[in-house]
Amino acid sequence: MVTVAFSGTREGQAPLTWGQRLMWRAVHLMGDSQTFLSCPWVLPVYGRRDLGSVLNALRVLLERHESLRTTFALTPQGPVQRVGRGGELTVDLVDAGQDRALRVAERLAGELGRTPFAHDRDLPLRCAVVVKNGRPMALAIAFSHLAVDFQALNTLSEEWKVLLRGEGLPPAEWQPMDQAAAEREEPYPARSAKSVRYWHSVLAEGPLDVFDHPPREADDPRFIEVAMESVALAIAAQRLAERWTMSTTSVLLAACATVLAVVSGRPRAVMQLVHSNRRDARVRAMVATVEQDGLFVLDLPATDFAAVCRAAQRGALRAYRNAHYDPFEMQAMREEIGRRRGREPDLDAFFNDRRTVGTWPGLPPVGPDEDVARLTDNTTTYATNAWPGVRFKAFFTVVSAPDTGKLSLIVDTAYLPPGTAEAMLRGVENLLVRALTEEVPIAAVPEVCGIGPYDERLRTAGSPGADRSR
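Novice: Honestly, the overall build of the protein chain in this entry has me stumped. Any pointers?
Specialist: For the protein chain, the count of helices and strands is twelve helices and 15 strands. Referenced to the eigenvectors of the C-alpha coordinate spread, the extents of the protein chain come out at roughly 60 × 55 × 45 Å. Counting only residues that meet the buried cut, the protein chain has 58% of its 470 residues in that class. Nonlocal contacts in the protein chain, meaning residues at least 24 apart in sequence, comprise 80% of its contacts between residues at least 6 apart. Summed over all atoms, the accessible surface of the protein chain reaches about 19,800 Å², with 50% contributed by carbon and sulfur.

Novice: Would you mind going over empty space enclosed by the protein with me for this structure?
Specialist: Gaps left between atoms show up when a probe the size of a water molecule is rolled over them. One pass over the full model with this rule turns up four cavities of 30 Å³ or more. For the largest cavity, the calculated volume is near 150 Å³. Of all elements in the fold, only helix H6 (188-203), helix H8 (248-264) and strand S10 (268-275) reach the threshold of two or more residues within the lining of the largest cavity. The leading source of residues in the lining of the largest cavity is S10, at three residues. Residues of the lining of the largest cavity, tallied by class, amount to nine nonpolar, two polar and four charged.

Novice: Where do I start with the packing of helix H7 (residues 231-244) against H8 in this structure?
Specialist: The relative placement of two packed helices comes down to the angle between their axes together with the axis-to-axis distance. One way to put it is that H7 packs onto H8 with a least axis distance of 8 Å and a crossing angle of 115°. Note on packing geometry: the crossing formed by H7 with H8 is right-handed. Taking contact as the criterion, the partners of Leu-233, Ala-237, Gln-238, Leu-240 and Ala-241 in H7 are, on H8, Thr-248, Val-251 and Leu-252. A class-by-class count of the residues in the contact of H7 with H8 yields six nonpolar, two polar and no charged.

Novice: What should I look at first to understand the packing of aromatic side chains in this one?
Specialist: Where two aromatic rings form a pair, the distance of their centres and the angle of their planes describe that pair. Evaluation of the coordinates by the stated rule reveals eleven aromatic pairs. Between the aromatic rings of Phe-36 and Trp-387, the centroid separation amounts to 5.1 Å while the plane-to-plane angle is 90°, which identifies the pairing as edge-to-face. Placement of Phe-36 in the loop between helix H1 (18-30) and strand S3 (38-44) and of Trp-387 in strand S13 (residues 380-387) is noted, with a sequence separation of 351 residues between them. Here Phe-36 falls in the partly exposed class, since its relative accessible area comes to 22%. Since its relative accessible area comes to 8%, Trp-387 is described here as buried. Ring centres 4.7 Å apart and planes at 70° place the aromatic pair Phe-392 and Phe-395 in the edge-to-face group. Overall, the relative accessible area of 8% leaves Phe-395 in the buried class. The ring of Trp-360 is capped by Arg-355, whose NZ or CZ atom sits 4.6 Å from the centre of that ring.

Novice: So what exactly am I meant to see when it comes to H1 here?
Specialist: Residues separated by three or four positions in an α-helix point in the same direction, a consequence of the helix having 3.6 residues per turn. Relative to the 18 Å expected for 13 residues at 1.5 Å per residue, H1 spans 19 Å between its end C-alpha atoms, a close match to the ideal helical length. Restricting attention to buried positions, one finds in H1 the residues Trp-18, Gly-19, Gln-20, Arg-21, Met-23, Trp-24, Ala-26, Val-27 and Met-30. Two residues or fewer after H1 comes Gly-31, characterised by a positive phi angle close to 55°.

Novice: Looking at this model, I keep getting lost on the sheet that holds S10. Mind explaining?
Specialist: Two pairing modes exist for strands in a sheet, parallel and antiparallel, and in both the strands are linked by backbone hydrogen bonds. Read from one edge to the other, the open sheet built from seven strands follows the order S11-S10-S12-S14-S15-S9-S13, with strand pairing classed as mixed. The open sheet terminates on both sides in strands that have one partner only, identified here as strand S11 (292-299) and S13. For this sheet, the mean inter-axis angle between neighbouring strands, taken without regard to orientation, is 25°. Relative to strand S14 (residues 394-399), strand S12 (residues 349-353) is paired through five bridges, and the arrangement is parallel. The partner of Asp-353 across the bridge, within S14, is Val-398. Of the strands in this sheet, S10 and S11 touch H6, which is tilted by about 40° from S11.

Novice: What should I look at first to understand a positive patch on the surface in this one?
Specialist: A cluster of basic residues, Arg-191, Lys-194, Arg-197, Arg-279, Arg-310, Arg-314, Arg-318 and Arg-321, forms a positive patch at the surface. Within the residue set of the positive patch, elements represented by two or more residues are H6 and helix H9 (305-321). Relative to the elements of secondary structure, Arg-321 occurs in helix H9. The exposure class assigned to Arg-321 is partly exposed, which follows from its relative accessible area of 47%.

Novice: Would you take a moment to explain the packing of H6 against helix H10 (residues 327-341) for this structure?
Specialist: It is the contact of H6 with H10, at a shortest axis distance of 10 Å, that shows an interaxial angle of 25°. Between H6 and H10, the interaxial angle falls into the category roughly parallel. Between H6 and H10 lies a crossing whose hand is right-handed. Across the interface between the two elements, Ser-192, Ser-195, Val-196, Trp-199, His-200 and Leu-203 of H6 pack against Glu-329, Met-330, Met-333, Arg-334, Glu-336, Ile-337 and Arg-341 of H10. Across the contact of H6 with H10, the residue classes break down as six nonpolar, three polar and four charged.

Conventions used here
- Note that residues are indexed from 1 along each chain, following the sequence as it is written.
- Note on the predicted model: pLDDT of at least 70 is required for a residue's local features to be given, and 80 or more for side-chain atom pairs to be given and counted; whole-chain, interface and lining totals, by contrast, use all residues.
- Side-chain metrics in this entry use all non-hydrogen atoms of the structure; hydrogen atoms and water are not considered.
- For the purposes of this entry, the term helix denotes a DSSP run of H or I that reaches at least four residues, the term strand denotes a run of E that reaches at least two, and both are numbered from the N terminus.
- Burial classes: relative accessible area under 20% of the type maximum marks a residue as buried, over 50% as exposed, and values in between as partly exposed (1.4 Å probe, protein chains only).
- The contact definition used throughout considers only heavy atoms, calling two residues in contact when any of these lie within 4.5 Å.
- What sets the accessible areas is the Shrake-Rupley method with a 1.4 Å probe; for residues, cover comes only from the shown protein chains.
- A pocket here means an open set of points on a 1 Å grid, computed over the protein atoms alone, that has protein on both sides within 12 Å along at least five of seven lines. A cavity is instead a set of points where a 1.4 Å probe fits but cannot get out; residues with an atom within 4 Å of a point line either one.
- Grid points are joined across faces, edges and corners, and a volume is the space filled by probe spheres set on the points.
- Three classes are used: nonpolar for Ala, Val, Leu, Ile, Met, Phe, Trp, Tyr, Cys and Pro, charged for Asp, Glu, Lys and Arg, and polar for all others, with Gly counted as polar.
- Inter-axis angles, ranging from 0 to 180 degrees, are taken between N-to-C directions of lines fitted to C-alpha atoms, where helices are fitted over the stretch in contact.
- For any pair of crossing helices, the crossing counts as left-handed if the nearer helix is rotated counterclockwise from the farther one by less than a right angle, and right-handed if it is rotated clockwise.
- The rule is short: rings of Phe, Tyr and Trp, with Trp giving its six-membered ring, pair when the centres are within 6.5 Å, and they are stacked under 30 degrees, edge-to-face over 60, tilted in between.
- Remark: a charge is flagged as sitting over a ring if the NZ atom of Lys or the CZ atom of Arg is within 6 Å of the ring centre and within 35 degrees of the ring normal.
- To estimate the expected span of a helix, subtract one from its residue number and multiply by 1.5 Å.
- Criterion used throughout: strands pair if DSSP finds at least two bridges between them.
- Residues with no salt bridge and a relative accessible area higher than 30% make up the patches, which join like charges within 9 Å and nonpolar side chains (Val, Leu, Ile, Met, Phe, Trp, Tyr) within 5 Å.
- A side-chain nitrogen of Lys or Arg and a carboxyl oxygen of Asp or Glu constitute a salt bridge if their distance falls within 4 Å.
- Charge assignment: positive for Lys and Arg, negative for Asp and Glu; neither His nor the chain ends contribute.
- A charged residue contributes its charge at one atom only: NZ of Lys, CZ of Arg, CG of Asp or CD of Glu.
- Angles are sorted into four bins: roughly parallel if under 35 degrees, roughly antiparallel if over 145, roughly perpendicular if 65 to 115, and oblique for all others.

In structure tokens form, the structure reads like this:
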């Protein structure tokens, strides 16, 4: 074990940014399950570097980015961020032994994130250096989501490469305390008010629940995540996006929302979309949590899946335009809606595309569209994680992987058993693959997906692998 001493150029206290406010509420809602919000990350050590060079690069990152030396506390005036100027970070040294160093680092980063952060006193990251034959090979880190989002992690990865080469970086000009001050001045308040009005227009009359059916006896742990790895999914999404001149995110979102609508037995899907919110040039390279949720509404058209994708593209743009707001103001509006309607609308359905690029550069070459269906024989599904209380009814995530389409789904087992989660993922794959070779009418979607509205028959669905409807 070693320590890294750091000394930044500024310290201070400020209100939370909008991104931090959203994550502050999520952390406290999840309680013991807040480790879901930890962000494991691995920074490979490029080239032959000694331990001193690796620790020095880590020191520079801590000094450059105020979010990495920030604690978060509740005061009588509300929650605040407190930036420390200097301090020390303890770093474990772990020998990889005979294992691959990067595999050890990935496992270690996950383990580091399984202990909740004490945000009022802990630095928002934990680190370990993985060594092999006495040489540092990777830095395993678990970050608090209060400090970073996935765009920030990619920024850190790029800066890490530069620092390991011994090169300098321009100053990090824009920090979370600067962003907090900017959000108190126009155009930010007007932008927030516009977003709140849009959400109000949806929530004032929209459905109160994600699902109409009553809950069953939940599994223990209650919330589970099922993942699917499918080359066919990626190839189909990429080809359909090119054909219809849209992003693969729009195609995947359309398929996931369609499957959610089918399972809920409704012609409308209402989901929250995680949006990066980095249009402002000052914020683009800021290491902080900037992401916020947009409200996505998809009314299934009466025609075919191609029309669904076009409608999803329009709906996503509308959601993104209204995804920048003060979360405290948004919550006040939702509580007012709850008083008027008897309770707040349930918005616990989500979609998040965590890829940094909208393609899969490592996909294998495949022949004509008709050949893609055969690749589904190689698709795998498996349970990845479970939590007692992450508060999601259904959460789709597109995970970054260069050579396969990786899609996961977290479900509340009081509403959807694990077997139904797997069937929903397979349904997304079936829908995209079938759309490659034929027009898929909306009326045919349940048959194509191999899944219908949730009912008593599906209550007996078991663990992943029990239901492989094609």
